[in-house]
Amino acid sequence: MQKDIVVIIGGPGTGKTTIIDGLLERGHCCFPEISREVTMEAKKQGIEQLFLENPLLFSELLLEGRKKQYHEALKEESPVVFIDRGIPDVLAYMHYIGDAYPAFFDEACREHKYTKIFILPPWEDIYESDDARYENYEQATLIYKHLKETYESYGYHLIEVPKDTVDNRILFILGHLSN
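Residues numbered from 1 in each chain as written. Predicted model: local features only at pLDDT ≥ 70, side-chain atom pairs only at ≥ 80, totals over all residues. Heavy atoms only, no water.

(A) Representation of the overall build of the protein in the model. The helix and strand inventory of the protein stands at eight helices and five strands. In the protein, the order of α-helices and β-strands from amino to carboxyl end is β-α-β-α-α-α-β-α-α-β-α-β-α. By the compact-globule yardstick of 16 Å for 179 residues, the protein fits well, its C-alpha radius of gyration being 16 Å. In terms of its C-alpha atoms, the protein occupies a principal-axis envelope of roughly 40 × 35 × 30 Å. The burial tally for the protein puts 49% of its 179 residues in the buried class. Nonlocal contacts in the protein, meaning residues at least 24 apart in sequence, comprise 78% of its contacts between residues at least 6 apart. For the protein, the separation between the mean place of its 19 positive charges and that of its 31 negative charges on side chains is 3 Å. (Helix = DSSP H or I, 4+ residues; strand = E, 2+ residues; numbered from the N terminus. Rg over C-alpha atoms; globule rule 2.2 N^0.38 Å. Buried < 20%, exposed > 50% of the residue type's maximum accessible area, 1.4 Å probe, protein only. Contact = heavy atoms within 4.5 Å. Lys, Arg positive; Asp, Glu negative; His and termini not counted. Charge placed at Lys NZ, Arg CZ, Asp CG, Glu CD.)

Laid out in structure tokens, this is it:
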């Protein structure tokens, strides 16, 4: 059986989690974004904003978590698994902040390949800030550009999801799975 591991990417506040939640409601196998988990765990240890205080450690924890998600997705019975953000997201964020990273980050991107990548463009009308999302809209737009460049540098063809209702965005994604 062919396994399709489909990743939904985009800058902060573009609707990724809402789409993943909608896919879950429709019975699809989905894996959530893990950065909030990592952030909350750090807060329990007294680190208010791990990404800002120690970006490399934060990124290493994300990398490990996303590699684990990838391997768990391979074991799923469902022929299609959706993931909120992929391994190259980690590098895109490191590029965004201008930090260097060890070679094993790049190796992880080359070793763990996804079937399709859907990218959500910046959308100011739905952008909201919260406790775990410290970026403003302009920063979110820059992150989008880094995501696009990073994924394309690994040979991915990105499918841009139009700004539309949640249902129509989900239908767009599902309609492009067989293409």
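Right, picking up where we left off after that structure.
(B) Spotlight on the side chain of H112. Here H112 lies in the loop between α6 (103-111) and β4 (116-120). Separated by 3.1 Å, the side chains of H112 and H71 make a polar contact. At 2.8 Å, the side chain of H112 and the backbone oxygen of A108 are in polar contact. Setting aside residues up to four positions removed in sequence, H112 forms contacts with K67, Y70, H71, I87 and Y156. (Polar contact = N/O pair within 3.5 Å; in protein donor to acceptor, adjacent residues only side chain to side chain.)

(C) Examining the sheet that holds β4 more closely. Spatially, five strands are ordered β2-β3-β1-β4-β5 in an open sheet, and the strand pairing comes out parallel. If you trace the sheet from one side to the other, it starts and ends with β2 (29-31) and β5 (158-160), each paired once. Each adjacent strand pair in this sheet contributes to an overall mean axis angle of 25°, direction not counted. (Pairing = 2+ DSSP bridges. Axes fitted to C-alpha atoms, helices over the stretch in contact; angles between N-to-C directions.)

(D) Here's a closer look at the packing of helix α4 (residues 55-75) against helix α5 (residues 87-97). At a minimum axis separation of 8 Å, α4 and α5 run at an interaxial angle of 165°. Compared by their axis directions, α4 and α5 come out roughly antiparallel. Our pair here, α4 against α5, has a crossing hand that is right-handed. On α5, the residues touching P55, L56, S59, L62, L63, R66 and K67 of α4 are I87, D89, V90, M94 and I97. For the contact of α4 with α5, a count of residues per class yields eight nonpolar, one polar and three charged. (Parallel < 35°, antiparallel > 145°, perpendicular 65-115°, else oblique. Left-handed = near helix turned anticlockwise from the far one by under 90°. Nonpolar A, V, L, I, M, F, W, Y, C, P; charged D, E, K, R; others polar.)

(E) View of the nonpolar core. Ranked by internal contacts, the top residues of the largest apolar core, which has 36 residues, are I9, I83, Y114, I117 and Y151. Dropping the residues within four chain positions of it, I9 is found in contact with K16, R85, G86, D89, I117, F118, I119, L120, L147, Y151 and L158. In terms of nonpolar packing, the next biggest core, distinct from the first, is built from 14 residues, V6, I20, I159 and I170 among them. (Core = buried A, V, L, I, M, F, W, Y, C linked by side-chain atoms within 4.5 Å.)

(F) Broad picture of the pairing of strand β1 (residues 4-10). In terms of burial, β1 is a largely internal element, seven of the seven residues being buried. In this sheet, strand β3 (residues 80-84) lies alongside β1 in parallel orientation, the contact comprising five bridges. Within β3, the position partnered with V7 by the bridge is I83. Examined bridge by bridge, β1 and β4 share five bridges and lie parallel to one another. Bridge pairing links G10 to L120 in β4.

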